Amino acid sequence: MLAELFEIASSSDENRRVPMARAKSTGEQHSRRERSRPSRISGVYVISVAARLADMHPQTLRKYDKEGLVSPQRSEGSRRLYSDSDVERLRVIRRLADELRLNLNGVSLVLDLVRSLTDIVSLLESSPEVSDTRAARVAADELRQILSYVGAV
DNA sequence: CTTCTCACA
DNA sequence: TGTGAGTA
């Protein structure tokens with residue numbers, strides 16, 4: 001359906017023998033860079049860790065990947081690497097599916113809409129000529145309500 | 001990736 | 001009993 005809208009650049013699929021540094025199934029991979037204030041700590045997690053953070057089973061994450069709901073980066077060995085935003089996205093999916101009882105097609109549709117609405121809110125707030133109008137403020141406020149209801153804060 | 005279970009209509 | 005979601 002609309003799932004093909006999400007595309008994350010995948011690196012080259014070279015199946016070279018890269019010595020995997022202690023392939024621990026639990027624990028974070030890579031270091032955490034604290035770039036100019038810890039406003040955003042970027043973590044990278046293997047599927048088992050990401051599943052635990054999102055309170056899901058690893059098989060569910062594989063299925064979501066296959067369905068195009070979440071497209072994690074891949075390592076050299078084609079292992080899925082989930083970012084913090086991927087985990088956050090998984091939590092939104094869990095809310096949409098568990099609480100709102102949406103099926104996966106509904107979830108992907110809502111996620112598409114969330115992205116569009118987020119962009120529209122940004123546009124409404126971008127330039128003063130727009131954001132200073134009453135209509136823009138009302139519209140942006142309404143969209144933010146919808147986004148927070150969906151859980152996309 | 002395929003198979004199996006479970007819920008549901 | 002066919003389909004979708006999650007799991008083994």
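Residues numbered from 1 in each chain as written. Chains lettered and ligands numbered in written order. Predicted model: local features only at pLDDT ≥ 70, side-chain atom pairs only at ≥ 80, totals over all residues. Heavy atoms only, no water.

**Student:** A description of the protein's contact with DNA strand C should follow, citing residues and the corresponding values.
**Tutor:** As a structural note, the neighbourhood of DNA strand C is formed by H57, Q59, T60, K63, Y64, N103 and L104. Among atoms of DNA strand C positioned within 4 Å of the protein, sugar and phosphate together represent 60%. Interatomic distance of 2.8 Å between a side-chain N/O atom of K63 and a base nitrogen of DNA strand C. Within the side chain of Y64, one N or O atom sits 3.1 Å away from a phosphate oxygen of DNA strand C. The element that contributes the greatest number of residues to the surface near DNA strand C is helix α2 (residues 58-67), accounting for 4 residues. Here the residues of the surface near DNA strand C sort into 2 nonpolar, 4 polar and 1 charged. (Near = heavy atom within 4 Å. Polar contact = N/O pair within 3.5 Å; in protein donor to acceptor, adjacent residues only side chain to side chain. Helix = DSSP H or I, 4+ residues; strand = E, 2+ residues; numbered from the N terminus. Nonpolar A, V, L, I, M, F, W, Y, C, P; charged D, E, K, R; others polar.)

**Student:** Report on the packing of aromatic side chains, specifying residues and quantitative values.
**Tutor:** Under the defined criterion, the tally for this structure stands at 0 aromatic pairs. Just above the ring of Y149 sits the side chain of R95; from NZ or CZ to the centre is 5.7 Å. (Phe/Tyr/Trp six-rings, centres within 6.5 Å; stacked < 30°, edge-to-face > 60°. Lys NZ or Arg CZ within 6 Å of the ring centre and 35° of its normal.)

**Student:** So, the packing of helix α4 (residues 104-126) against helix α6 (residues 134-150): which residues are in play, and what are the values?
**Tutor:** In contact at an axis separation of 10 Å, α4 and α6 are set at 150° when each is read in the N-to-C sense. Relative to α6, α4 is oriented roughly antiparallel. Taken as a pair, α4 and α6 cross one another with a handedness that is left-handed. For the pair formed by α4 and α6, the contact residues are V110, V114, L117, T118, I120, V121, L124 and E125 on the first element and A136, A139, A140, L143, R144, I146, L147 and V150 on the second. (Axes fitted to C-alpha atoms, helices over the stretch in contact; angles between N-to-C directions. Parallel < 35°, antiparallel > 145°, perpendicular 65-115°, else oblique. Left-handed = near helix turned anticlockwise from the far one by under 90°. Contact = heavy atoms within 4.5 Å.)

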